[in-house]
Amino acid sequence: MTTALPLRDSYGRVLRDLRVSVTDRCNFRCLYCLPETEEAANFYRTRAPLRPAQSPPSESVILREWKPRHELLTFEEIERAVRLFATLGIQKLRLTGGEPLLRNDLPNLVRRLAPIPGISDLALTSNGFLFPRLGRPLREAGLQRISFSLDSLDREQFRKMTGRDGLPSVLTSLDLAAQLGFAPLKVNAVVIRGLNDQEIPRLAEFARERRLSLRFIEFMPLDSGRAWLRELVVPGREILERLREHHTLTPVTPTNPSETARRWTFPDGRGEIGIIAPVSEPFCGHCNRIRLTADGQIRTCLFSLHEHDLRARLRGGESDEDILRWIREITLGKEERHHIGEAEFEQPQRSMSCIGG
Ligand code: SF4
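Worth saying up front: this structure is predicted, and the values here are computed from it rather than measured.

This next bit is on the overall build of the protein chain. When helices and strands are counted, the protein chain shows 10 helices and 12 strands. Taking 357 residues into account, the globule formula puts the C-alpha radius of gyration at 21 Å, and the protein chain, at 20 Å, falls close to it. The principal-axis extent of the C-alpha atoms belonging to the protein chain is close to 55 × 50 × 40 Å. The buried share among the 357 residues of the protein chain stands at 55%. Across the protein chain, contacts joining residues at least 24 apart in sequence account for 75% of those joining residues at least 6 apart. A total of about 15,300 Å² of accessible surface is found on the protein chain, and carbon and sulfur atoms cover 51% of it. A distance of 3 Å separates the average location of the 53 positive side-chain charges in the protein chain from that of its 48 negative side-chain charges.

Written out as C-alpha cells, the structure is:
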C-alpha cells in the first residue's frame, strides 16, 4: 500500500530508487575504492606527487576492521525498512556492499524483499567473485537484475586494479548470469587515467560480442585512502571520443530522466555502451536516489556529509507512522548536488565500500 504523496525533496525531485548496502565487507581491494594493496600504493605514489597531508596507504590499513555484526541491520530490519520505503513510493531496490555476496544467507534476504508490494525492480551489484556459487540461489529467490564490476580484461591488470586474481571467476559469472536469464546483463568499468583507460575499446568490443550493457564510470572521490585526484579522471566526453575512434555509436533516447548513464548502441544492435560521468557531467538535477548503509544510516546523497540513524529508530520501538514521517522530513533536506571540483568540496568520512555506490 503506497501513501498518496510521493517521497519528494525540496527541489521537487521524487525519490523512486533505494540502494541498500547489506555489508561493509569486501573480498576485493579495488584501487579506486579500497586502495590498500602495494600496487595501489605504488600507483598513487608514482602517478601523483605526495600531497603534504597525505601519504599512500601503508601496511597498517590492510588489516581492515569490519563493522561488528550487532551494528549491521538484521534481515528483519532491512525488510521492515524496505517495506516502509516502498509505502513512500520507492519502486527500484538495489542491493550493494562492500561485496553483498559476502553477507551470509543473502538468498534468504532476497526471498524476503522480492515480494514486497511496490518494489518492481530488485537488482544487485557484485564484483562477481562468489557469484558462481550463489547465482542460482539468488535467481531462484527472486533477484531480477545483476551488475558486475569488470575494470580490465587483462588478468594481471585486473589483479593490480582489484587486489585479487579474480578475472576468471568474473568471466564465469557472466556466463552463468546469462544462462540464468539475467538480461540485460550489466557490467561496470571504472576508468582511471594511466591504468585501464587504454582498454576502453577492448572492453567496448567485449560488450558488443557478449551482448552486455557496459557502463564506463568516472573515478569518484570516495576511496578509503583519499587518494583520488582529478587528473586521474577520464572525463565522459573523452571516453566517448576514444570509443568513436573504433566504433560507430548511435545514441539511445533515455527512457527515464533519472538514468545516470548516457547510452549508445552499435550498428549491429549487439550490446550497449553507457557512460556515467558524475564528476565532469553531474546528473544531480534528476537524482531520484536515497541510500541505506549496512549499519542502518540513511544517506540522502552519495556525497552526504550527514547521515540519519534509522537503525536507532527501528530498534527503539518507533512506530511505522513516526518513521515514515521522519523519512519525509529528512528527504526534504536532500542535497541539491555534489560539489566535486569546487573549493568547498569535502570528501565524506564514509568511503564507497561502506556506502555501496
Ligand atoms: S551526487 Fe548526490 S545528488 Fe548527485 S546524483 Fe549522486 S546521489 Fe544524487
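When pLDDT is averaged along the protein chain, the result is 94, and 94% of the positions lie at 70 or above. Taken together, the stretch residues 53-62 has pLDDT below 50 and engages in 12 contacts with residues farther than four places along the chain or on a different chain.

By the definition in use, this model includes 6 aromatic pairs. Considering the side-chain rings of F28 and F129, the 5.7 Å spacing of their centres and the 65° angle between planes classify their relative orientation as edge-to-face. Of this pair, F28 sits in the loop between β1 (17-21) and α1 (38-47) while F129 sits in the loop between β3 (121-126) and α4 (131-141); the two residues are 101 residues apart in sequence, bridging distant segments of the chain. With 5.2 Å between their ring centres and 75° between their planes, F43 and Y44 make a pair best called edge-to-face. Here the aromatic cluster, defined as three or more aromatic residues joined through ring pairs, consists of F28, F129 and F158. One residue, R139, lies across the ring of F182, its end atom 4.2 Å from the ring centre.

Let us now look at the sheet that holds strand β11 (residues 297-299). Two strands in a sheet stick together by hydrogen bonds in their backbones, pointing the same way (parallel) or opposite ways (antiparallel). Strand order in the open sheet formed by 12 strands is β7-β8-β9-β6-β5-β4-β3-β2-β1-β10-β11-β12, and the pairing between neighbours is mixed. Sheet topology places β7 (250-251) and β12 (308-309) at the edges, where each strand pairs with a single neighbour. As paired strands, strand β5 (residues 186-191) and strand β6 (residues 213-218) are joined by 6 bridges and run parallel to one another. If you follow K186 over to β6, its bridge partner there is S213. Against the sheet, helix α6 (residues 167-179) makes contact with β4 (145-149) and β5, and its axis sits at roughly 165° relative to β4, the strand it touches most.

The next subject is the packing of helix α2 (residues 75-87) against helix α10 (residues 320-332). If you want to describe how two helices pack, look at the angle between their axes and the distance between the axes. Where α2 meets α10, the axes come as close as 10 Å, and the angle between the chain directions of the two elements is 65°. Seen from above, α2 lies across α10 with right-handed handedness. When α2 is examined against α10, the residues R80, L84, F85 and T87 are found in contact with a partner set consisting of D320, I323, L324 and I327. Split into classes, the residues belonging to the contact of α2 with α10 amount to 5 nonpolar, 1 polar and 2 charged.

Further remarks concern the side chain of N288. Relative to the elements of secondary structure, N288 occurs in the loop between β9 (272-276) and β10 (289-292). The exposure class assigned to N288 is buried, which follows from its relative accessible area of 5%. Here N288 is in contact with V14, L15, R16, D17 and S258, once residues within four sequence places are set aside.

Here we come to the packing of α4 against α6. One way to put it is that α4 packs onto α6 with a least axis distance of 9 Å and a crossing angle of 20°. When the axes of α4 and α6 are compared, the pair comes out roughly parallel. Note on packing geometry: the crossing formed by α4 with α6 is right-handed. Of α6, the residues touching α4 (which contributes F131, P132, G135 and R136) are S169, T172, S173, L176 and A177.

Between G97 and the following residue, G98, the backbone shows a cis peptide bond with an omega angle of 0°. With respect to the helices and strands, the residue G98 is situated in the loop between β2 (92-96) and α3 (106-113). Between A183 and the following residue, P184, the backbone shows a cis peptide bond with an omega angle of -10°. If you trace the backbone, P184 turns up in the loop between α6 and β5. Positive phi is not limited to glycine here, since D105 has a value of about 60°. In this structure, D105 sits in the loop between β2 and α3.

Throughout the structure, instances matching the rule amount to 0 disulfides. Left unpaired, C30 is separated from the closest cysteine sulfur, that of C26, by 6.2 Å.

This brings us to the environment of R133. Here R133 is to be found in helix α4. Sequence separation of R133 and S173 is 40 residues, and the distance between their C-alpha atoms is 9.1 Å.

Cut-offs applied
Residues numbered from 1 in each chain as written. Predicted model: local features only at pLDDT ≥ 70, side-chain atom pairs only at ≥ 80, totals over all residues. Heavy atoms only, no water. Helix = DSSP H or I, 4+ residues; strand = E, 2+ residues; numbered from the N terminus. Rg over C-alpha atoms; globule rule 2.2 N^0.38 Å. Buried < 20%, exposed > 50% of the residue type's maximum accessible area, 1.4 Å probe, protein only. Contact = heavy atoms within 4.5 Å. Areas by Shrake-Rupley, 256 points an atom, 1.4 Å probe, with all protein chains shown as cover. Lys, Arg positive; Asp, Glu negative; His and termini not counted. Charge placed at Lys NZ, Arg CZ, Asp CG, Glu CD. pLDDT = per-residue confidence, 0-100. Phe/Tyr/Trp six-rings, centres within 6.5 Å; stacked < 30°, edge-to-face > 60°. Lys NZ or Arg CZ within 6 Å of the ring centre and 35° of its normal. Pairing = 2+ DSSP bridges. Axes fitted to C-alpha atoms, helices over the stretch in contact; angles between N-to-C directions. Left-handed = near helix turned anticlockwise from the far one by under 90°. Nonpolar A, V, L, I, M, F, W, Y, C, P; charged D, E, K, R; others polar. Parallel < 35°, antiparallel > 145°, perpendicular 65-115°, else oblique. Disulfide = S-S within 2.5 Å.

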